[in-house]
Amino acid sequence: MNVLMIAVNDPAGTGIQFCKAVNRSGRHTCRIVTLETRYTHAWEKDLHVPDLDEAGLAELERLLKTSDVFHFHMTADEHLRLGPFCPADHLRGKAVVHHEHGHHDFRSDPRRFRDKYRALGRRNLLVSTPDLHAMMPEAQWQPNLVPQDEPLFLPLSRTPACWQGPLRLAHSPTRKDLKNTDDLLAVVEQLPPGCVALDLIDNVPNAECLARKRACHVLFDHMQGYYGVSSLEGLSQGIPVIAGLDEWNRRHVVEFAGTHELPWVVARDRDELAARLRELAADRALCRELGAASRLFVERCWSEAKVAGRLMDFWENMDRAPLPTP
């Protein structure tokens, strides 16, 4: 199948990573078109409408006409204008997928989206994290992936000297209000001097972000009950990742991963977060052990091939019935 992903902006660079993984697999062909750039993370692009010249627009038009699947990310739909084109004009004969990633419009009113998809007869629905599955239970949870064999996603080779000094802690919040950043800052402020050195990675290119995370001893994701792409990056890099996984998310992750031995270091509030940071600062051997388990988990239970394979299985088995006439 030829799949065209369509998004206003690529959420955390997940769309382009899926495209690359699908194309590497050889099972299907995948492209992604985006309309806007948000933040300064400089994720890789494919067909970015503002950058397209005449040849690029011709390629986009060809893909709109010939693709078998329109895969819409994060609130986008067929009425999103892509320069001179509108996917609605090319919908006939296409299978349509809607893939939600936790945009605040969806989180604040998931019923609006559920009602919209139901009215349109859209049954090919995906969500990117288990907490969103609770909001749209008719959807399938499609985990995000990381390319675990690319250099910036590999563990850093460390000398004994690299483990000396304060515990180097990474945190890369796209939106601080959603990532418990204030809680983290309050906890770090209360820890003994020299215990933790926080690298707050904010609004930098993704390559720099990954390099700085990789150089740290520990990563803090957030305590919202689920996990983010940042978690997956840290696990792949072989560093302990702190996140507040709740029981709902844990059950989903266990089912997908095929193991109850999850690598996340769980902290659900400030007291637990402070306790975990003290433990890790005092025991660098534990850091190394947890980091090795993190990397092994990605390789065995969350590999690019496994996650992309789940998405391609979904495409191959999804509803291909003709869409109702608008």
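Look above for the structure.
Residues numbered from 1 in each chain as written. Predicted model: local features only at pLDDT ≥ 70, side-chain atom pairs only at ≥ 80, totals over all residues. Heavy atoms only, no water.

Below, the discussion takes up unusual backbone geometry. Of note in this structure, Thr-75 is not a glycine but carries a positive phi near 75°. The topology assignment puts Thr-75 in the loop between strand S4 (69–73) and strand S5 (95–100). Although it is not a glycine, Asn-180 adopts a positive phi angle of roughly 60°. (Helix = DSSP H or I, 4+ residues; strand = E, 2+ residues; numbered from the N terminus.)

The tally for this structure, following the rule as stated, stands at eleven aromatic pairs. Between Trp-264 and Trp-302 the ring centres are 6.4 Å apart and the planes differ by 75°, which places this aromatic pair in the edge-to-face class. One end of the pair, Trp-264, is in the loop between helix H9 (247–257) and strand S12 (265–266); the other, Trp-302, is in the loop between helix H11 (284–301) and helix H12 (304–317), with 38 residues separating them in the sequence. The residues Trp-264 and Trp-302 share a single accessibility class, namely buried. (Phe/Tyr/Trp six-rings, centres within 6.5 Å; stacked < 30°, edge-to-face > 60°. Buried < 20%, exposed > 50% of the residue type's maximum accessible area, 1.4 Å probe, protein only.)

Taking strand neighbours across the sheet as the criterion, the five strands line up as S9-S8-S10-S11-S12 in an open arrangement whose pairing is parallel. Looking at strand neighbours, the two that pair on one side only are strand S9 (196–200) and S12, the edges of this open sheet. Alignment of strand S8 (residues 167–171) against S9, held across five bridges, turns out to be parallel. Looking across to S9, one finds that Ala-170 is bridged to Asp-199. (Pairing = 2+ DSSP bridges.)

Below, the discussion takes up the pattern of salt bridges. Counted according to the given criterion, the structure contains 25 salt bridges. Here Lys-45 and Asp-51 are joined by a salt bridge, their closest N and O atoms 3.6 Å apart. On the accessibility criterion, Lys-45 (42% relative accessible area) is partly exposed. Among the residues examined, Asp-51 registers a relative accessible area of 54% and is labelled exposed. Salt bridges sharing partners connect three or more residues here, namely Lys-20, Arg-24, Glu-44, Glu-150 and Glu-304. (Salt bridge = Lys/Arg side-chain N within 4 Å of Asp/Glu carboxyl O.)

Running from N to C, helix H6 (residues 181–190) and helix H10 (residues 270–282) point in directions that differ by 55°, and their axes come no closer than 10 Å. Taken together, the axis directions place H6 and H10 in an arrangement best described as oblique. Crossing angle aside, the handedness with which H6 passes H10 is right-handed. Contacts between H6 and H10 pair Asp-182, Asp-183, Leu-184, Ala-186 and Val-187 from the former with Arg-270, Leu-273, Ala-274 and Leu-277 from the latter. (Axes fitted to C-alpha atoms, helices over the stretch in contact; angles between N-to-C directions. Parallel < 35°, antiparallel > 145°, perpendicular 65-115°, else oblique. Left-handed = near helix turned anticlockwise from the far one by under 90°. Contact = heavy atoms within 4.5 Å.)

A word on H9. What H9 keeps buried is the set Asn-249, His-252, Val-253, Val-254, Phe-256 and Ala-257. Considering only its buried residues, H9 is in contact with helix H5 (130–135), strand S7 (140–141), H11 and H12. Sitting at the head of H9, Asp-246 places a side-chain oxygen 3.3 Å from the backbone nitrogen of Trp-248. Downstream of H9 by one or two residues, Gly-258 has phi in the positive range, about 80°. (Polar contact = N/O pair within 3.5 Å; in protein donor to acceptor, adjacent residues only side chain to side chain.)

With 13 residues, H10 should cover 18 Å at 1.5 Å per step; its first-to-last C-alpha distance of 18 Å lies within 8% of that length. Every buried residue of H10 is listed here: Leu-273, Ala-274, Arg-276, Leu-277, Leu-280 and Ala-281. Taken around the axis of H10, the buried residues stretch over an arc of 165°, which confines them to a single face. In H10, the exposed positions that point more than 90 degrees away from the buried face belong to Asp-271 and Ala-282. (Expected span 1.5 Å × (residues − 1). Arc of directions from axis to C-beta.)

Bringing the nonpolar core into the picture now. Within the largest apolar cluster, 56 residues are counted, with the highest numbers of intra-cluster contacts made by Met-5, Tyr-227, Trp-264, Phe-297, Trp-302 and Trp-315. Excluding anything up to four places from it in sequence, Met-5 contacts Gly-15, Phe-18, Cys-19, Cys-30, Arg-31, Ile-32, Val-33, His-71, His-73, Leu-311 and Trp-315. (Core = buried A, V, L, I, M, F, W, Y, C linked by side-chain atoms within 4.5 Å.)

Attention now moves to the pairing of S5. When you tally the buried positions in S5, you get six out of six residues, the bulk of the element. The alternating pattern of S5 places Ala-95, Val-97 and His-99 and Val-96, His-98 and Glu-100 on opposite faces, both of which are buried. Relative to S5, S4 is paired through five bridges, and the arrangement is parallel. When the sheet's bridge partners are listed, Phe-70 is paired in S5 with Val-96. Here three bridges tie S5 to strand S6 (residues 125–127), and the two strands are oriented parallel to one another. What sits directly across from His-98, in S6, is Leu-125.

Angle between the axes and distance between the axes are the two parameters that describe a pair of packed helices. Closest axis-to-axis distance for the helix H1 (residues 14–25)/H12 pair is 10 Å, and the angle between their directions is 85°. One way to sum up the angle between H1 and H12 is to call them roughly perpendicular. Contacts between H1 and H12 pair Phe-18, Ala-21, Val-22, Arg-24 and Ser-25 from the former with Glu-304, Val-307, Ala-308, Leu-311, Met-312 and Trp-315 from the latter. Here the contact of H1 with H12 is composed, by residue class, of eight nonpolar, one polar and two charged. (Nonpolar A, V, L, I, M, F, W, Y, C, P; charged D, E, K, R; others polar.)

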